[in-house]
Amino acid sequence: MSYEKYCAGCHGTFPAGETVCPACGTERPNDNPGGTLPAGLFLAERYVIGRVLEVDGEGVTYEAIDRESGLPVVIKEYLPVTLCSKRDENGAVVVKSGSEVPYKTTLVDFVDLYKKLMQMAGSQGLTRVQALFKANNTVYAVSEYQKSISLTDWLNRQTELLSFERCYTLLTPVFAGLSALHSAGVIHRGVCPDNIRITPDGRSFLTGYATLALRTLNSELKPCLYEGYSAPEQYSTTEFQGPYTDVYSLAAVLYKMLAGTAPVATAGRVDGCPTLKQIGAEVSSQVSRAIDHAMWGDVNQRTQSVAELRQELDGDARSAGLGATRVMKPASAPRSGRGGSWTDNKGLIVGGCIALGLVVVLLIWMLIRGMVPQANSSSSLSGSSSAASSSASATPQPSQAPAQTVPNFVGQLYSDLQDNAEYQQKYIFNVTEKYSDNVEKGKVISQTPISGDDLPADHRIDLVVSKGRQAVTIPEYRNYTRGDVVNVLTGAGIKAENIKFAEVANDGSMVPGESVKGDREVGSTMNPETDTITVYMAGPLPTPTPAPTPEPTPEKIPDATPEPPQG
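The model shown is predicted, which means the values in this text are computed figures rather than measured ones.

This part is about empty space enclosed by the protein. In the structure shown here, the tally under the stated rule is one cavity of 30 Å³ or more. In this structure, the largest cavity occupies an estimated 40 Å³ of space. Along its surface, the largest cavity is lined by L117, M120, A121, G122, S123, L126, T127, R128, V129 and Y209. Of the residues in the lining of the largest cavity, the class split is six nonpolar, three polar and one charged.

Structure, rendered in structure tokens:
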């Protein structure tokens, strides 16, 4: 890969070390920190690097421009500071001596994470990952750019505390996005106000993806944790993490929005953090209990899933029954990741014994009462039965709420479902994209459960959304090296195994090792799954034919006869 800058003036390239284009004189200064890619760098012959947005223990995030589409994108470069030392003169990442194994291991984790995220493109409440490619001895992940601000900045602009209803509605897409991640086996581990973005039209989405190593203390990478929002288990390499880890962080975000301050926490310990009710927040006891439950330090007693948290916040009858069967802490008890002491729990134990004694007395009383009618006459029994029947008929029985049914989403534009506030509040959409020759791009092909079925307890509906006809436009791939050809074509959506190479004889006018043509025209379309493309690479320069050696000219032999003397 060439290490060059892109010139916005003449649209050419020039050496990355220069600040002025030698062809047209356009100045391209570099304000990015040392060790990062310079602003203006032409990456993968497609992306123009802009300013650095963030640097963390896993790598560098840049703003960039996709020259193919002309749209802004966000690029994450895998560059762990604890494992890498510098770049070489061509921009390639140099791994520290002795760190080769952890570098490769964590790099694989990074690639696996973003491959899964690419497969989830279009899921509600998540940043769309568009491409993943290798270059400079590392990997780059390209994500869509959406005009937005962080939830932190959004909250700073609010002039009064928010109602629970407004907070819940605002974060509904984030609930859906986390559910989709967990269904795909991905744990975010970085849910916090800085990683939740709000668009100008008031929609929220998650960003800030990272691997396990970055979100766990004492791992191979320099950790990036969020005080007050990272779950207690993230501060230990010996404890498991799961969906409940993100549930903790999501509840902490709600706590911040409703209380106006982040939960009290130090290094993952949540001892003594008061509930929303205890600090006087204007929320119902049910909401306070639900958030408190989701932030319980012991993962075995914490709310286990986003769907369960949503049910408890909604006040669903099923969640009320579920909460009653859990071993819940008293409202005044301090939170801790470990079991409480005898002093903390003895009041609860004594109270439990008293409650158990009352239950036993009640059962004995009911047993005695049930035996009394059998000792009376049959008329008394009849009268008792009649009275009981009359009493039963006079007492209204609790009516069971009718089951909610799933509406028909097939044929609708998924963007319309995203913009529908009622749908966003009521359902959790899990989206899978699929090519279709019959259904317009962006419309729903199928749904599970189907229309008319009972709404699932977790409110989740799986949608298959059309990606349109299965065809990609072939980008410019000529005059590239073999590696760059692969990067350009795979970046367009063509499978690497469907890219073939052949060599053509070099007549002396070609650059050896660069692509000169292919069996498919630039700008034409192909099926990226089944069609193949053959790219012809220039062979070595021809060996010059040596010029023929000229025959030696025979020397003139002088006449041996002497000239007669002149008289």
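The next subject is the nonpolar core. Counting 87 residues, the largest nonpolar core has L151, I291 and L313 as the members making the most contacts within it. The element contributing the most residues to this core is helix α4 (residues 243-259), with 11 residues. With sequence-adjacent residues up to four places away left out, I291 is seen in contact with A251, L254, Y255, L258, L276 and L313.

The next subject is the side chain of D246. With respect to the secondary-structure elements, D246 resides in helix α4. Notably, D246 is buried but unbridged: the nearest opposite-charge side chain belongs to R189, and the N-O separation is 6.7 Å. A polar contact is formed between the side chain of D246 and the backbone nitrogen of H188, at a distance of 2.9 Å. With residues up to four places along the chain from it excluded, the contact list for D246 reads L178, H182, I187, H188, R189 and V191.

Taking strand neighbours across the sheet as the criterion, the three strands line up as β18-β21-β19 in an open arrangement whose pairing is mixed. Strands with a single pairing partner mark the edges of an open sheet, and in this sheet they are β18 (499-504) and β19 (515-518). Between one strand axis and the next, the sheet turns through 30° on average, direction left out of account. For β18 and strand β21 (residues 533-538), the ladder comprises six bridges, and the chain directions are parallel. Bridge assignment links F501 to a residue of β21, and that residue is V535. Here helix α12 (residues 482-491) sits on the sheet in contact with β18, β19 and β21, set at roughly 145° to β18.

Counted by the stated rule, this structure contains zero disulfides. Lacking any disulfide linkage, C192 is separated from the closest cysteine sulfur, that of C224, by 7.9 Å. The class of C224 is buried, set by a relative accessible area of 16%.

This brings us to α4. Relative to the 24 Å expected for 17 residues at 1.5 Å per residue, α4 spans 24 Å between its end C-alpha atoms, a close match to the ideal helical length. The element α4 is extensively covered by neighbouring structure, given that 15 of its 17 residues are classed as buried.

A ring pair, where both rings are aromatic, is described by two values, the distance of the centres and the angle of the planes. Inspection of the entire model under this criterion finds 13 aromatic pairs. Seen in terms of ring centroids, Y114 and Y209 are 6.4 Å apart; in terms of plane orientation they differ by 85°. Their pairing is edge-to-face. Highlighted residues: Y114 in helix α1 (residues 100-119) and Y209 in the loop between β13 (204-206) and α4, separated in sequence by 95 residues. Each member of the pair, Y114 as well as Y209, carries the same accessibility label: buried.

Our focus in this paragraph is the pairing of strand β10 (residues 138-144). Where burial is concerned, most of β10 is hidden: six out of the seven residues are buried. Relative to β10, strand β6 (residues 72-78) runs antiparallel, the two sharing five bridges. Across the sheet, V73 pairs through a bridge with E144, a residue of β10. By the bridge criterion, six bridges tie strand β9 (residues 129-135) to β10 in an arrangement that is antiparallel. Looking at β10, one finds that K134 is bridged to V139. Remark: two residues form the turn of the hairpin made by β9 and β10, two consecutive strands paired antiparallel; N136 in that turn has positive phi of roughly 55°.

Here S284 lies in the loop between α4 and α5 (285-294). Residue S284 is classed as partly exposed on the basis of its relative accessible area of 38%. For S284 and L313, which are 29 residues apart along the polypeptide, the C-alpha to C-alpha distance reads 9.9 Å.

Here we take up the side chain of Q447. Within the secondary structure layout, Q447 lies in strand β15 (residues 444-448). Reaching out from Q447, the side chain makes a polar contact with the backbone nitrogen of F409 at a distance of 2.6 Å.

Further remarks concern the packing of helix α3 (residues 164-183) against α4. The geometry of α3 relative to α4 is characterised by a closest axis approach of 11 Å and an angle of 165° between their N-to-C directions. In terms of orientation, α3 lies roughly antiparallel with respect to α4. Where α3 crosses over α4, the two elements pack in a sense that is right-handed. On the side of α3, the interface is formed by F164, C167, L170, L171, V174, F175, L178 and H182, while α4 contributes P243, D246, L250, V253, L254, M257 and L258. Its residues assigned to classes, the contact of α3 with α4 shows 13 nonpolar, one polar and one charged.

Next up on the list: the layout of surface pockets. Taken as a whole, the second largest pocket spans an internal volume of roughly 820 Å³. L53, T61, V74, R197 and T207 are, among the 28 residues lining the second largest pocket, the residues nearest its centre. Elements represented by at least two residues in the lining of the second largest pocket include exactly β4 (47-55), β5 (59-66), β6 and β10. Split by residue class, the lining of the second largest pocket holds 10 nonpolar, nine polar and nine charged.

Here is what the cut-offs are and how they apply
- Residues numbered from 1 in each chain as written.
- Predicted model: local features only at pLDDT ≥ 70, side-chain atom pairs only at ≥ 80, totals over all residues.
- Heavy atoms only, no water.
- 1 Å grid on protein atoms, 1.4 Å probe; cavity = no way out; pocket = protein on both sides within 12 Å on 5 of 7 lines; lining within 4 Å.
- Points joined across faces, edges and corners; volume = space filled by probe spheres on them.
- Nonpolar A, V, L, I, M, F, W, Y, C, P; charged D, E, K, R; others polar.
- Core = buried A, V, L, I, M, F, W, Y, C linked by side-chain atoms within 4.5 Å.
- Buried < 20%, exposed > 50% of the residue type's maximum accessible area, 1.4 Å probe, protein only.
- Helix = DSSP H or I, 4+ residues; strand = E, 2+ residues; numbered from the N terminus.
- Contact = heavy atoms within 4.5 Å.
- Lys, Arg positive; Asp, Glu negative; His and termini not counted.
- Salt bridge = Lys/Arg side-chain N within 4 Å of Asp/Glu carboxyl O.
- Polar contact = N/O pair within 3.5 Å; in protein donor to acceptor, adjacent residues only side chain to side chain.
- Pairing = 2+ DSSP bridges.
- Axes fitted to C-alpha atoms, helices over the stretch in contact; angles between N-to-C directions.
- Disulfide = S-S within 2.5 Å.
- Expected span 1.5 Å × (residues − 1).
- Phe/Tyr/Trp six-rings, centres within 6.5 Å; stacked < 30°, edge-to-face > 60°.
- Parallel < 35°, antiparallel > 145°, perpendicular 65-115°, else oblique.
- Left-handed = near helix turned anticlockwise from the far one by under 90°.

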